[in-house]
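# Overview (structure and organization)
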Amino acid sequence: MSEVLDTWLGRTIDCACGQKHEVPIRRIVIERDALGQVAGYVKEAGYREVTLVADEKTYQAAGVKLRGLLEAAQVKVSISVIRENAMGEVAADEEAIVQLLLDTPLSSEVLIAVGAGTLHDIVRFAGHRTKRPFLSVPTAPSVDGFASVGAPLIVRGFKTTIPASSPEAIFADLALLAEAPQAMIAAGLGDMLGKHTSLADWSLGRVLLDEHYCELSAQLTLEAVELCTAHLDEIAQRTDLGMLKLMEGLVLSGLSMLMVGHSRPASGAEHHLSHYWEMVLLQQRRRALLHGAKVGVATVMMAQRYASLRDITAAEAAARLAQSQAPSREADAERIRGAYGAMAEQVIAENFPADGGVVDSEALKARIASRWGDVQAIARAVPAPEQLAAWLGAVQGPVAPEQLGVEPELVAASLRDALFVRNRFTVLRLLRLLGDSK
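A few points on the structure. (Residues numbered from 1 in each chain as written. Predicted model: local features only at pLDDT ≥ 70, side-chain atom pairs only at ≥ 80, totals over all residues. Heavy atoms only, no water.)

## Comments concerning the sheet that holds strand β5 (residues 76–82)
Spatially, β3-β10-β7-β6-β4-β5 is the arrangement adopted by the 6 strands of the open sheet, whose pairing is parallel. What marks the edges here is a single partner per strand, and that holds for β3 (27–31) and β5. For this sheet, the mean angle separating the axes of adjacent strands, direction not counted, is 15°. Both strand β4 (residues 49–55) and β5 contribute to a ladder of 7 bridges, which runs parallel. The partner of Glu49 across the bridge, within β5, is Lys76. (Pairing = 2+ DSSP bridges. Helix = DSSP H or I, 4+ residues; strand = E, 2+ residues; numbered from the N terminus. Axes fitted to C-alpha atoms, helices over the stretch in contact; angles between N-to-C directions.)

In structure tokens:
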């Protein structure tokens, strides 16, 4: 059990932000031999038939043992081993979802996700759409989405997050997590460090667009990151304490998203760059790379942009805003068509929803000028890019695009056009209004 997490389980919170937050997760186990507790929970919950979902690697790492434990407890088990795509990766796309739906007997009562982030996204969506609960068995501490409600999927080549469901319970075995590849552990830290820039982006939306903001969610997200940075040596050494704190941070971040019902606390411009790179790599039939590795690198890049804001005086900001040309809907739509090709209409729909209001760019520029002191305070709260890079380096994580194999041309394109991946105000959209999109 985890004292950090258990306090939130099963709670309904009438929050000062004006929303009612609910955490429907019943149990979270992060300890050695957590895998051995899954069958007991299944029996306790009254499930007689389950579908165990894994990929080839995670099935061997944990699925085989879990299947044996479940069958020994007289639970009927069906298996879905999600196939890799042509690039040798498991992708959360239409093909994987259809495979899982076909592999799951109509009589199956619950899905069990045995794997990392992508596998959980597939199961989360399928469980939600078939009205089945799912249990989470992470095999690597690589992403913060285990406890969250959103399922990031590749749909017709476009990365989009679809509301789904959180797990009913999470069983994270410390011994299993410590056996994960070092790159996946580093990816988990990279995903967590991205919260520094995502929280800053959310604060920009609050200050400049009066976007709904939850202090509780933001505080939980920050606490989640600090759990990880306070235990970097242990994480690097894969100790039980290190794996516990990394996993607690990842799950706590997921709970923060679960409470507010969206990913705003944990996903900003750093994630938009990651998604943009992933979509382009898939179009080029190249490996998409680990999500958290991309996010970590993009976080360093976005921290550099926040650092640049600190040196701009209010007078300089006002002058740049006055000189910059406010983007029009027509111009943005044309730019999206040039940048996104076959995915363009989906991206346009994301940025200009039929039921959404249109932001008055000139009014927004005036608001930025009048609130420049607040903008700089937000920028100062973001750790220096050198500090973020040092944290990543401590766990052997990549810190620059070239270490990922992301070419300068793709980096430049993402800095121009990744802001359209989601209809959210971020530092990239702020810099565009300041006349800087590099």
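## Some words on the environment of Gln304
By secondary structure assignment, the location of Gln304 is in helix α13 (residues 291–310). Sequence separation between Gln304 and Pro385 is 81 residues, and the spatial gap between their C-alpha atoms is 5.6 Å.

## Thoughts on the packing of helix α15 (residues 329–340) against helix α16 (residues 344–351)
The N-to-C vectors of α15 and α16 enclose an angle of 140°; their axes lie 8 Å apart at closest approach. Overall, the two elements α15 and α16 adopt an arrangement that is oblique. Between α15 and α16 the crossing geometry is right-handed. Residue-level contacts link Ala333, Ile336, Arg337 and Tyr340 of α15 to Ala344, Glu345, Val347, Ile348 and Asn351 of α16. When grouped by side-chain class, the residues that make up the contact of α15 with α16 number 6 nonpolar, 1 polar and 2 charged. (Parallel < 35°, antiparallel > 145°, perpendicular 65-115°, else oblique. Left-handed = near helix turned anticlockwise from the far one by under 90°. Contact = heavy atoms within 4.5 Å. Nonpolar A, V, L, I, M, F, W, Y, C, P; charged D, E, K, R; others polar.)

## Comments concerning the pattern of salt bridges
Going through the model one piece at a time under the given rule, you end up with 20 salt bridges. One salt bridge in this structure joins Arg32 and Asp240, with 2.8 Å as the shortest N-O distance. You can see Arg32 sitting in the loop between β3 and α2 (38–45) and its partner Asp240 sitting in helix α11 (residues 240–260), a full 208 residues away along the chain. Salt-bridge contacts for Arg48 lead to Glu109; the nearest nitrogen and oxygen are separated by 3.7 Å. Taken together, the residues Arg48 in the loop between α2 and β4 and Glu109 in the loop between α4 (94–103) and β6 (110–115) connect sequence positions 61 residues apart. You can call Arg48 exposed: its relative accessible area is 60%. Looking at Glu109, the relative accessible area reads 25%, which means it is partly exposed. Each of Asp144, Asp191 and Lys195 takes part in a single network of salt bridges with overlapping partners. (Salt bridge = Lys/Arg side-chain N within 4 Å of Asp/Glu carboxyl O. Buried < 20%, exposed > 50% of the residue type's maximum accessible area, 1.4 Å probe, protein only.)

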